[in-house]
Amino acid sequence: MSETPMLDELEKGPFPSFVTEIKKAGETKEAARDLLRLLERSYKDKKTHWKHGGIVAVKGYGGGVIGRYCDLPDEFPAVAHFHTVRINQPTSKFYTTKSLRAICDIWEKRGSGITNFHGSTGDFVLLGTFTEELQPLRDDLAELDPPFDIGGSGSDLRTPSACIGPARCEWACYDTLDVCYEMTKEYQMPLHRPMWPYKFKIKCSGCPNDCVAAKARSDFAIIGTWRDDIKIDQNEVKEYAKIMDIQAEVVDLCPTGCMSWDGSTLSIDNANCVRCMHCINKMPKALAPGDDRGATVLIGAKAPMLDGSTIGWVFLPFVKLERPYDELKETLDNLWEWWDEEGKFRERVGELIWRKGVREVLKVLDIEPSPYMVSSPRNNPFMFFDKSELIHSDYIKELERRGIKLKGEE
């Protein structure tokens, strides 16, 4: 009789099962076998048997290891400790088979042999090892050629990630690989040593298709864009007209109605284009992003936690991304300093912006307001000014004569 009858049910059906994969690991690893038995026990008891992990780390690091302990160590000794280690993945996840084999060999020696490639964190994750193996594991990784480092966890900068960018995508509007690599090298201290109210994520997408979901899943999303006209090859448009209904499949689906098609010529009102990429995706041989390329920076996206999920706000509508990316770094440094001073415990930077207001963060970042930053129109007609923002001194004197106090003068 099987030791895990309830888990066995998860192997039935047409889809791959994590249970099957862990059973494969269990052929050589006691930790994998105990992991399945512990999960079966949790299903039976209808409660988890993992305790709060606390803090475990390697020398000189404060993040990168997620502590996990079983509350039944005598019954399941091989998973009494089951710490997770995050590995800083190569930019855009370009591995060599040599490196992958080397990491897996180390993990077979130092841990459970179970891995998780690039889930919600983005990192290459090693699942399950004992506390005494953490430092030797880190040392083994550092001695590889090329060496690998530990990624981010806890209230620090999480491992920056990027789409495949210009390496293999013709729509990339900037070098996502270089920006991601530069951010990773520049911010080693906040990546390895938690020092903020909560976590912070940087993600780089080369175009508005946003293949790493940066605008919805990162505190600092760098989305490639262009500010000149979409390039059109009218001859290729005519070729597409032979195999598709351009009016129905492209023009009518434009979210701002900025396109028109008369049967022979496609026209675009680029001033009203919102760079949704639909037309380019449908007709890639006929349409392409413009030549004046850069990125839009959005701040404050996150998944549901305290105040629900949010999409990032536009704070830098367009920035030319050229080494050493000083504008990005200055914005990050100012944002982090303000967040560190004003943020509450476990408050993401987007939640702080909601609480303090976009107006305040614009002052902190020294950014001029722009219509691109408006997420929705005002729902009331009232406007408020600080005294320092009022230009006409005669108007101020008249208010004072009438006894009207300005905001901030209570």
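Residues numbered from 1 in each chain as written. Predicted model: local features only at pLDDT ≥ 70, side-chain atom pairs only at ≥ 80, totals over all residues. Heavy atoms only, no water.

Honestly, unusual backbone geometry in this entry has me stumped. Any pointers?
With glycine set apart, most residues show a phi of negative sign, and most peptide bonds adopt trans. Backbone torsion omega between Asp 145 and Pro 146 reads 0 degrees, so that peptide bond is classified as cis. Within the fold, Pro 146 resides in the loop between α5 (131-142) and β7 (161-162). Backbone torsion omega between Arg 323 and Pro 324 reads 5 degrees, so that peptide bond is classified as cis. As for its placement among the helices and strands, Pro 324 is situated in the loop between β15 (313-319) and α12 (326-342). With a phi close to 60 degrees, Lys 46 is a non-glycine residue in the positive phi region. (Helix = DSSP H or I, 4+ residues; strand = E, 2+ residues; numbered from the N terminus.)

Where do I start with helix α6 (residues 176-186) in this structure?
Residues separated by three or four positions in an α-helix point in the same direction, a consequence of the helix having 3.6 residues per turn. Among the 11 residues in α6, 8 count as buried, and that is most of the element. Residues Thr 176, Leu 177, Asp 178, Val 179, Cys 180, Glu 182, Met 183 and Thr 184 constitute the buried set of α6. Taken together, the buried residues of α6 touch β7, α7 (188-192), β8 (202-205), β9 (220-226) and α12. (Buried < 20%, exposed > 50% of the residue type's maximum accessible area, 1.4 Å probe, protein only. Contact = heavy atoms within 4.5 Å.)

What is the right way to read the sheet that holds β8 from this model?
Neighbouring strands of a sheet are bound in pairs by backbone hydrogen bonds; such pairs are parallel or else antiparallel. In spatial order, the strands read β7-β8-β9-β14-β15; together these 5 strands make up an open sheet with mixed pairing. Because the sheet does not close on itself, it has two edges, and the strands there are β7 and β15. Its contacts with the sheet put α6 on β7, β8 and β9, and the angle it makes with β8 is roughly 165 degrees. (Pairing = 2+ DSSP bridges. Axes fitted to C-alpha atoms, helices over the stretch in contact; angles between N-to-C directions.)

Would you explain a negative patch on the surface in this entry?
Together, Asp 326, Glu 327, Glu 330, Asp 333, Glu 337, Asp 340, Glu 341, Asp 366 and Glu 368 make up a region of like negative charge exposed at the surface. Inspection of the secondary structure puts Asp 366 in the loop between α14 (358-365) and α15 (393-401). (Patch = residues over 30% accessible without salt bridge, like charges linked within 9 Å, V, L, I, M, F, W, Y side chains within 5 Å. Areas by Shrake-Rupley, 256 points an atom, 1.4 Å probe, with all protein chains shown as cover. Salt bridge = Lys/Arg side-chain N within 4 Å of Asp/Glu carboxyl O. Lys, Arg positive; Asp, Glu negative; His and termini not counted. Charge placed at Lys NZ, Arg CZ, Asp CG, Glu CD.)

Help me understand the packing of aromatic side chains in this model?
Two numbers describe a pair of aromatic rings. These are the distance of the centres and the angle of the planes. Evaluation of the coordinates by the stated rule reveals 11 aromatic pairs. Each ring, one from Phe 200 and one from Trp 336, has its centre 5.4 Å from the other, and the planes form 85 degrees; the classification is edge-to-face. In this pair, Phe 200 sits in the loop between α7 and β8 while Trp 336 sits in helix α12, placing the two residues 136 residues apart along the sequence. Grouping residues by exposure puts Phe 200 and Trp 336 together as buried. A centroid spacing of 5.3 Å and a plane angle of 65 degrees characterise the contact between Trp 313 and Trp 354, whose relative ring orientation is edge-to-face. Taken together, the residues span a long stretch of sequence, with Trp 313 in strand β15 and Trp 354 in helix α13 (residues 349-356) at a distance of 41 residues. Its relative accessible area of 57% is what places Trp 354 among the exposed residues. (Phe/Tyr/Trp six-rings, centres within 6.5 Å; stacked < 30°, edge-to-face > 60°.)

Sorry if this is basic, but what is going on with the environment of Leu 10 here?
With respect to the element layout, Leu 10 can be found in the loop between α1 (5-8) and α2 (18-25). With 162 residues separating them in the primary sequence, Leu 10 and Ala 172 have C-alpha atoms 40 Å apart. What Leu 10 contacts, discounting residues up to four positions off in sequence, is Ser 17, Phe 18, Val 19 and Tyr 43.

Help me understand the pattern of salt bridges, please; the structure alone is not making it clear to me.
All chains considered together, the criterion is met by 28 salt bridges. In this structure, the salt-bridge partner of Lys 23 is Asp 8, at a minimum N-O distance of 2.8 Å. Of this pair, Lys 23 sits in helix α2 while Asp 8 sits in helix α1, and the two are 15 residues apart along the sequence. Judged by its relative accessible area of 29%, Lys 23 falls in the partly exposed class.

What exactly am I supposed to notice about the packing of α6 against α12 here?
In helix packing, the relevant descriptors are the interaxial angle and the interaxial distance, both defined with respect to the helix axes. Following both chains from N to C, one finds α6 and α12 inclined at 45 degrees, their axes separated by 12 Å at the closest point. For the element pair α6 / α12, the angle class is oblique. The hand of the α6/α12 crossing is right-handed. Of the residues in α12, those touching α6 at Val 179, Glu 182, Met 183 and Glu 186 are Leu 328, Lys 329 and Leu 332. Taken together, the residues that form the contact of α6 with α12 break down as 4 nonpolar, no polar and 3 charged. (Parallel < 35°, antiparallel > 145°, perpendicular 65-115°, else oblique. Left-handed = near helix turned anticlockwise from the far one by under 90°. Nonpolar A, V, L, I, M, F, W, Y, C, P; charged D, E, K, R; others polar.)

What exactly am I supposed to notice about α14 here?
For α14, the complete set of buried residues consists of Val 361, Leu 362 and Leu 365. End-on, the buried residues of α14 take up no more than an arc of 105 degrees, which puts them together on one face. Looking one or two residues beyond α14, the residue adopting positive phi is Asp 366, at roughly 55 degrees. (Arc of directions from axis to C-beta.)

Would you mind showing me how to read the pairing of β8 here?
If a strand is regular, its side chains alternate between the two faces of the sheet. Of the two faces of β8, both are covered, the one formed by Ile 202 and Cys 204 as well as the one formed by Lys 203 and Ser 205. Pairing geometry for β7 and β8, over 2 bridges, is parallel. From the neighbouring strand, Ala 162 faces β8, where its bridge partner is Cys 204.

Please explain the state of the cysteines as it appears in this structure.
Defined simply, a disulfide is a covalent bond joining two cysteines at their sulfur atoms. The tally for this structure, following the rule as stated, stands at 0 disulfides. Cys 211 provides the cysteine sulfur closest to Cys 163, a residue in no disulfide bond, and the two sulfurs are 6.2 Å apart. With no disulfide of its own, Cys 254 lies 3.6 Å from the sulfur of Cys 258, the closest cysteine sulfur. (Disulfide = S-S within 2.5 Å.)

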